[in-house]
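# Notes for the structure review
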Amino acid sequence: MPSVPLKLVGAVALALALPFAATACGGGDHGNKIVIGTKYDQPGLGQKKPDGTMAGFDVDVAKFVAKELGYTEDQIEWKESPSAQRETLIQNGQVDYIVATYSITDARKEKVDFAGPYLLTGQSLLVRADNNDITGAASLENNKKLCSVSGSTPAQNIKNKFPKVQLQQFDTYSACVDALKNGVIDAVTTDEVILAGYAAQSPGAFKIVGDTFTEERYGIGLKKGDIELRTKINDAIEKMESSGAWKEAFDRNLGPAGIEAPAPPAIDRG
Ligand code: GLU
């Protein structure tokens, strides 16, 4: 660029570098803040309320962990983390950790690490309350439209095990539930705890059918190789469980959806 004065080149370079320096904070360096990823639209688990506050079991787990890591609630910055974006958000250092109905899987473990598990659940189906011909995943092959979320384990599981089902993938489960309400689709599939939260939010509109047909182990996602953070988060989860705070949080957030607190799973320190 012979005609561009050097000073200008320098200014442009600085302007380009500064925002990058401010956001490229991998390794958990977000100044005196901690950035936590969660869902914003899953009642009972991770929900952003109209007044801007966060609520749900995942939110309570995330807050407990943050406190154990030495952060006050004011120092928490929440980041919405849709299913398909979670690994990328962690790999790019845009979040310090993610608590977002995030199943521990071998494929994901190639990109991120997990603390936990802190909850066991399994995949199920949600239909309209007046439906009586959907009885399980196999009955969906009978020309039914099923909705799930891109980048989620339940969507992948349907593709693998029930390839004939007409599967539509949205970005969020709340979009699936709206489509179910409007009659655009016939069923929603994801983890039972998530479906129970939506059912409780609209009494009489929906029902969960059949038993769970997978095992989902929820973990807290963090940067691959950060053994120190993983150990600290595992210690925090253990403390939450042994102090009774875990059960209290479960009952407060998911009790109204009619789910009894299960025994917390053993933490995998391996
Ligand atoms: N637990 C499943 C998953 O991690 C489904 C729930 C979700 O998409 O957040 O993919």
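This section reports on the structure supplied with the text.

Thresholds applied
Residues numbered from 1 in each chain as written. Predicted model: local features only at pLDDT ≥ 70, side-chain atom pairs only at ≥ 80, totals over all residues. Heavy atoms only, no water. Buried < 20%, exposed > 50% of the residue type's maximum accessible area, 1.4 Å probe, protein only. Helix = DSSP H or I, 4+ residues; strand = E, 2+ residues; numbered from the N terminus. Arc of directions from axis to C-beta. Near = heavy atom within 4 Å. Polar contact = N/O pair within 3.5 Å; in protein donor to acceptor, adjacent residues only side chain to side chain. Areas by Shrake-Rupley, 256 points an atom, 1.4 Å probe, with all protein chains shown as cover. Salt bridge = Lys/Arg side-chain N within 4 Å of Asp/Glu carboxyl O.

In this section: helix 6 (residues 173-181). Among all positions of helix 6, only Y173, C176, V177, A179 and L180 are buried. Each buried residue of helix 6 sits inside an arc of 160° when the element is viewed along its axis, so together they form one side.

Residues in contact with the ligand amount to 16 residues; listed here are only the nearest, S83, T101, S103, Y173 and D191. Interatomic distance of 2.7 Å between a side-chain N/O atom of K39 and an oxygen atom of the ligand. T153 places a polar main-chain atom, nitrogen or oxygen, 2.8 Å from an oxygen atom of the ligand. With the chains in place, 100% of the 280 Å² that the ligand exposes on its own is no longer accessible. Breaking the shell around the ligand down by element, the ones donating at least two residues are helix 5 (153-161) and strand 11 (187-191).

Attention shifts here to the pattern of salt bridges. This model, assessed by the stated rule, comprises 10 salt bridges. The partner of E87 in a salt bridge is R108, and the shortest N-O contact between them spans 3.7 Å. Highlighted residues: E87 in helix 3 (residues 86-91) and R108 in helix 4 (residues 106-109), separated in sequence by 21 residues. Judged by relative accessible area, which is 7%, R108 ranks as buried. When the shortest N-O distance is used, the salt bridge between D235 and R269 registers 2.9 Å. Of the two residues, D235 is situated in helix 8 (residues 227-242) and R269 in the segment after helix 9 (245-254); the sequence distance between them amounts to 34 residues. For D235, a relative accessible area of 40% puts it in the partly exposed group.

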